[in-house]
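Here are the chains, one letter per residue:
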Amino acid sequence: MNWTETRNSNVNIKNVKLGANVTILDNVNIEASKVDSVQIGKYSIIKENSTIRLPSNGVSNIGAYVIIGNNCDIRSLNIGNRVMIEDGCVLNDGCVIYECCLIKSNCIIPSKMIIPAYCEVGGVPGKDFYIKPLNSSFKKVIEYEAKYLNIHY
Amino acid sequence: MSKLYNDSFIYCCTTKVIDIHSIDKTWLFELADLYFCPYCQCPKSKYEIIPRVHSKFCSNCLTDYTSKPDMMRCIKNCFICPLCSSSMGIKMMDHDSNGKSFEFSCQFCDYNYDTGVVYKPKSLHGIIEELKTDTFIRKCKQILKMADKTEELSERVRMNLKLSQLDKKEEAESLIDEFEIAQYPIGKILTLKKSIRCSTCRNLLLDYMESEPTINKFQIKFNAIDYLPTTSLTKLKSNVYLLHFVNPLDVKMSAKISSISQIVLSNFEFSLGASTSSFIKGIPSAYLSLNNSTAKSELILRKGDKLYNKIEDGEIEENLDRFIEVGVNWISIPIIIEDDSLKTVPIYVTLKTEQPPKGLERVINGLNAGYWNVLKVPK
Ligand SMILES: [Zn+2]
Ligand SMILES: [Zn+2]
Ligand SMILES: [Zn+2]
């Protein structure tokens, strides 16, 4: 079984529990201090120059079919299945993203914020932050995107 | 191929006919944002549906508020920052004679709020409500009171007159400057789950199975992406492009397309096979990358030696038909865009199926739909 694919040697996946067909691109930094402290579900992909850090309370769970774009800084507690995080996003300490969400590029999600399922989130808090409903089509659309990216890089 | 970023839009408006020379972007939607009404057999945008609140809850404490139609914010201890809408941390401190104080601090910005010592037990919302004593809030409350009483009409009319005469932004600001405006923590806005009906025929297009906040199972779901083909354009060579159609249905579909005069199409009528359970077989060749071993093997399987053939200048233009590629449930059709300045290509698509798609057996005998699809020309 194809457990994981990383495109170069400078990605440290020690202590990371990876599902099938996970893709991790160049210069991804996963700071997992304990065994299985970061879990990533099947068909998820982490693009270049992104960082996954542990939240201050506990471990980091990333679901299946999760796409994390380039230059993201992720310190969430939980990311549900079928979540698309575009480039340059910051997910602050302990935030929770439920299933099927679209996080638009350069969005900042504050600490401990909970994003309900089927939402689009964008902007920076205090400036132009918004959360709006996302059509249920995105469940299919994001899963398709993750599967496609798995055979693209 | 992406169903998320494909620069393909559907013109969706039942009241205004498209002007293909100057397309009103208000009515252009991505396929993933549209519903599909199987009764009317047409895509439906957010402007052509009737939403109804199915259930509502606080995403922070998961309290179900469905039976409270008037409530829009959580009345438990879930507060958000008045400046940036982030969640607020709350710290309680004990004081002499059973006094307590509460300190709110925003998890994101510098905003914080201290209630001071409170002696009477009360909900946090009640405590904050009592502390709202700044001059602006006082004036608001006074105006509200006046609105109830007819005897104070003259004062109300005077205030309204004063407000209506403010025509400059600066004047309005100076009026606001007269007041001291304080900011208080506010209750978290509730999350709504909505059922959707078609505004034309009133049939349900989306409905949930249950109201349990964290469960999102649908009883009825008619999304356009499940019924209409995904279309996209890729560049082949100079002004030659490939127009791709992918059938999402489990039944065979026949399609007819027409476009504007600046476009030369190789084929106007074609059929698309039923969708396949093999993910890779459902992807047009133009979207398979030679950099990935799985995709490359599939390409070799499909094209054999021809994969590395160089296309000579003018070869495609002379024989467009030869470059049509047909897959399990997709087709790629070469098109020539003669006008270089053209930024979008509108095509009219007519779809037909001989059999009803899965789940629609009781609704229709077959799909029969027509709509305008507007595609951005790739650079
Ligand atoms: Zn709450
Ligand atoms: Zn704040
Ligand atoms: Zn209808």
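Identification of chain B as Dynactin subunit 4 from Candida verbasci is taken from an unreviewed UniProt entry. In the Sequence similarities (unreviewed entry) part of its UniProt record, chain B is described as follows: "Belongs to the dynactin subunit 4 family."

Going by an unreviewed UniProt entry, chain A carries the name Dynactin subunit 5 and comes from Candida verbasci. The heading Subcellular location (unreviewed entry) in the UniProt record of chain A holds the text "Cytoplasm, Cytoskeleton". Under the UniProt heading Sequence similarities (unreviewed entry), the entry covering chain A gives this text: "Belongs to the dynactin subunits 5/6 family. Dynactin subunit 5 subfamily."

Enquirer: Just checking my understanding: could you explain the overall build of chain B for this structure?
Expert: Helices and strands together make up the secondary structure of chain B, namely six helices and 22 strands. Taking 21 Å as the expected radius of gyration for a compact globule of 379 residues, we find that chain B reaches 30 Å, considerably beyond that expectation. Principal-axis analysis of the C-alpha atoms places the extent of chain B at approximately 90 × 50 × 45 Å. Relative to its full complement of 379 residues, chain B shows a buried share of 42%. Excluding contacts between residues fewer than 6 apart, the proportion of contacts in chain B whose partners are at least 24 apart in sequence is 56%.

Enquirer: Looking at this structure, how should I read the coordination of the zinc ion (ligand 3)?
Expert: Any two of four tetrahedral donors ideally make an angle of 109.5 degrees at the metal, while pairs among six octahedral donors ideally make 90 or 180 degrees. Residues and elements named next belong to chain B. Coordination sphere of the zinc ion (ligand 3), protein contribution only: Cys 37 (SG), Cys 40 (SG), Cys 198 (SG) and Cys 201 (SG), at 2.2 to 2.3 Å. Around the zinc ion (ligand 3) sit four donor atoms, and with donor-metal-donor angles ranging over 100 to 114° the site reads as tetrahedral. All donor residues of the zinc ion (ligand 3) come from one chain, and their arrangement in sequence is C-x2-C-x157-C-x2-C. Linking Cys 37 in strand S3 (residues 35-37) with Cys 201 in the loop between strand S11 (191-198) and strand S12 (204-208), this pair joins segments that are 164 residues apart in sequence. In this structure Cys 37 comes out as buried when scored by relative accessible area, which is 0%. For Cys 201, a relative accessible area of 26% corresponds to the partly exposed category.

Enquirer: Where do I start with the domain arrangement of chain B in this structure?
Expert: Many authors give the size of an interface as the accessible area that is lost as the parts come together. You can read the domains of chain B as domain 1 (2-34 + 224-376) and domain 2 (54-187). In this structure, domain 1 of chain B and domain 2 of chain B have C-alpha centres spaced 53 Å apart.

Enquirer: Help me out: how do you make sense of the sheet that holds strand S9 (residues 112-114) of chain B in this one?
Expert: What holds strands together in a sheet is hydrogen bonding between their backbones, with the strands either parallel or antiparallel. All names here are of chain B. The strand order across the open sheet built from three strands is S7-S8-S9, with neighbouring strands paired in antiparallel fashion. The open sheet has two free edges, formed respectively by strand S7 (88-95) and S9, since each of these has just one partner strand. Across this sheet, the average inter-strand angle for adjacent strands is 15°, counted without regard to direction. As paired elements, S7 and strand S8 (residues 99-106) share eight bridges and run antiparallel to each other. Note that in S8 the partner of Lys 91 across the bridge is Glu 103.

Enquirer: Would you take a moment to explain the coordination of the zinc ion (ligand 2) for this structure?
Expert: Residues and elements named next belong to chain B. Taken together, Cys 81 (SG), Cys 84 (SG), Cys 106 (SG) and Cys 109 (SG) make up the full set of protein donors to the zinc ion (ligand 2), lying 2.2 to 2.4 Å away. Here the zinc ion (ligand 2) binds four donor atoms, and the angle range of 96 to 117° at the metal identifies the geometry as tetrahedral. The sequence motif formed by the donor residues of the zinc ion (ligand 2) is C-x2-C-x21-C-x2-C. Taken together, the residues span a long stretch of sequence, with Cys 81 in the loop between strand S6 (79-80) and S7 and Cys 106 in strand S8 at a distance of 25 residues. Its relative accessible area of 10% is what places Cys 106 among the buried residues.

Rules of the game
- Residues numbered from 1 in each chain as written.
- Chains lettered and ligands numbered in written order.
- Predicted model: local features only at pLDDT ≥ 70, side-chain atom pairs only at ≥ 80, totals over all residues.
- Heavy atoms only, no water.
- UniProt positions renumbered as here; feature names shortened; annotations may be inferred.
- Helix = DSSP H or I, 4+ residues; strand = E, 2+ residues; numbered from the N terminus.
- Rg over C-alpha atoms; globule rule 2.2 N^0.38 Å.
- Buried < 20%, exposed > 50% of the residue type's maximum accessible area, 1.4 Å probe, protein only.
- Contact = heavy atoms within 4.5 Å.
- Donors = N, O, S within 2.8 Å, 3.2 Å for Na, K, Ca; no water.
- Tetrahedral: all angles 85-135°; square planar, octahedral: opposite > 155°, others 65-115°.
- Domains from an automatic or database assignment.
- Pairing = 2+ DSSP bridges.
- Axes fitted to C-alpha atoms, helices over the stretch in contact; angles between N-to-C directions.

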